[in-house]
Amino acid sequence: MPDPANTPRTPAPATATARTTTADGEPLVEARGVTKTFRVPRSASGSTRLHALAGVDLTVRRGRTLGLVGESGCGKSTLARVLLMLERPDAGTVRYAGADPFALRGEPLLRWRRRVQMVFQDPFASLNPRLSAGELIAEPWRSHPGLISRDGRERRVRELLDMVGLRPGDAHRYPQEFSGGQRQRIGIARALALNPEVIVCDEPVSALDLSVQAQVLNVLTDVQAELGVAYVFISHDLPVVRHMSDQVAVMYLGRVVESGPAERVFTAPRHPYTASLLSAAPRPPAAAAEGGRTGRIVLAGEVPSPADPPSGCRFRTRCWQAEEVCAEVLPPDAPVLAGSAPAGPVSGGPAPEEPVPDRPRHLVACHLPLEPADRAAGR
Ligand SMILES: Nc1ncnc2c1ncn2[C@@H]1O[C@H](COP(=O)(O)OP(=O)(O)OP(=O)(O)O)[C@@H](O)[C@H]1O
């Protein structure tokens, strides 16, 4: 079935999104010290606590994309669930436009729920096959009856279909009549139905054929340009994350080990874990032409169990640079100066740049961060 992404899209008149007061690019969602544990069985008789998130700091900016990367089991989906308020953190705070969403009740909670939506990985499993595309897109309005008048619903469904590159007549078709890419477009339109300010996209294209992945990514990019929605973009596909993200956060075993502007983190990673992840990823031609990293970094061993994480730096058991301090002291986030060592507690590098309020900084949580020369040598 041809994907209508191949036909040019006419921008749809967008219904104005109810905005909070922060301006484009300013912090919208701020997670600080977020910790989440799960009780899991240890033996036939006992249980233990698995540390899925262990003090995560993260900022999602209005109208921007935050990429979230890391190996399977590092806590990306748990963090996404906390941001969506589907999981309550054990410790730490989540602030949404300055307010604590976990403290909301009644109408303010309902309003908050509209503002943060989700696009799921599997467009085959996430859409009810008994509902038409139009019904699927309109379904969220049943829980938010005051948002749009009954008379306006049909027109709004058409607008949303157009916004994601589908045709008005598609409203009457059922999920099984669409291709995978088209179904994911319906999933995006459905997420947009409540005029969200943040959409968490958990592996939104990984279930799709390579040929349609770019088309769906373009829909997300166009929607962001048109509506100013922010994305939390979770993916194992690093070139895709690089393409989509303004900022990126690299997670390892429940912690963010490196974060900052995506181009800086991707071209000048300072954490050994980030460097190893990037060394294993295919590189876009432009990045390959830039030179830099040459060798693949093969890590020793497996990711330790989050039920029994290493002391100090969680990455130290697989890190080729680890020293005594790494086992003893949890490395704090240290700002990286362009072209120099981060001002970490051990590096003794130059003082960090003056913090500029609200500007995303390149941060690395490592006692022995990489120097540019290390990366060039592929070490
Ligand atoms: N409800 C739960 N009960 C017990 N353990 C859980 C639960 N949810 C997640 N975990 C565990 O928490 C850790 C983090 O899981 P999470 O799904 O957040 O990782 P992830 O980075 O999203 O992985 P993937 O990339 O495979 O989706 C894993 O060890 C996982 O098994």
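These numbers were taken from a predicted model, which means no experiment stands behind them.

*Asks:* How would you summarise the packing of helix 5 (residues 180–192) against helix 6 (residues 210–227) if you had to cite specific residues and measurements?
*Replies:* Orientation of helix 5 relative to helix 6, taken along the N-to-C sense of each, is 20°, at an axis distance of 9 Å. The angle between helix 5 and helix 6 places the two elements in the roughly parallel class. For the pair helix 5 and helix 6, the crossing hand works out as right-handed. For the pair helix 5 and helix 6, contact is made by Gly-180, Gly-181, Gln-184, Arg-185, Ile-188 and Leu-192 and by Val-212, Gln-215, Val-216, Val-219, Leu-220 and Val-223, respectively.

*Asks:* Which residues make up the site of the ligand, and what values do they have?
*Replies:* Neighbouring residues of the ligand: 13 residues in total, closest Phe-38, Ala-52, Ser-72, Ser-77 and Thr-78. For the shell around the ligand, the secondary structure elements donating two or more residues are strand 1 (27–41), strand 2 (47–61) and helix 1 (76–83). Examining the composition of the shell around the ligand, we find that 3 residues originate from one element, helix 1, more than from any other. The residue inventory of the shell around the ligand, partitioned by class, reads 6 nonpolar, 6 polar and 1 charged.

*Asks:* Which residues make up the sheet that holds strand 1, and what are the values?
*Replies:* An order of 2-1-4 is seen for the 3 strands of this open sheet, with the pairing classed as antiparallel. Strands with a single pairing partner mark the edges of an open sheet, and in this sheet they are strand 2 and strand 4 (91–96). The mean inter-strand angle of the sheet, taken between neighbouring strand axes irrespective of direction, is 25°. As defined by bridge partners, strand 1 adjoins strand 4 across 5 bridges and the pair is classed as antiparallel. The residue of strand 4 that forms the bridge with Val-29 is Tyr-96.

*Asks:* Tell me about the domain arrangement of the protein, residues and numbers included.
*Replies:* Examined at the domain level, the protein breaks down into domain 1 (4–12 + 23–39 + 49–244) and domain 2 (268–376). On the domain 2 side, the residues contacting the 12 residues of domain 1 number 11 residues. Every element with two or more residues in the side of domain 1 that touches domain 2 is listed here: strand 2 and helix 7 (238–244). Of the residues forming the side of domain 1 that touches domain 2, the biggest block, 5 residues, is contributed by strand 2. Of the residues contributing to the side of domain 1 that touches domain 2, the split by class is 7 nonpolar, 2 polar and 3 charged.

*Asks:* If you had to explain the nonpolar core to someone new, which residues and values would you point to?
*Replies:* Counting 89 residues, the largest nonpolar core has Ala-189, Val-198, Val-232 and Val-250 as the members making the most contacts within it. When residues are assigned to domains, this core turns out to be shared by domain 1 (4–12 + 23–39 + 49–244) and domain 2 (268–376), each giving three or more. Once residues lying within four places of it in the same chain are set aside, the contact partners of Val-198 are Leu-28, Val-29, Val-60, Arg-115, Val-116, Val-229, Ala-230 and Val-232.

Parameters and conventions
- Residues numbered from 1 in each chain as written.
- Predicted model: local features only at pLDDT ≥ 70, side-chain atom pairs only at ≥ 80, totals over all residues.
- Axes fitted to C-alpha atoms, helices over the stretch in contact; angles between N-to-C directions.
- Helix = DSSP H or I, 4+ residues; strand = E, 2+ residues; numbered from the N terminus.
- Parallel < 35°, antiparallel > 145°, perpendicular 65-115°, else oblique.
- Left-handed = near helix turned anticlockwise from the far one by under 90°.
- Contact = placed C-beta atoms within 7 Å.
- Near = placed C-beta within 6 Å.
- Nonpolar A, V, L, I, M, F, W, Y, C, P; charged D, E, K, R; others polar.
- Pairing = 2+ DSSP bridges.
- Domains from an automatic or database assignment.
- Core = buried A, V, L, I, M, F, W, Y, C linked by C-beta atoms within 7 Å.
- Buried ≥ 20, exposed ≤ 12 C-beta atoms within 10 Å, placed from the backbone.

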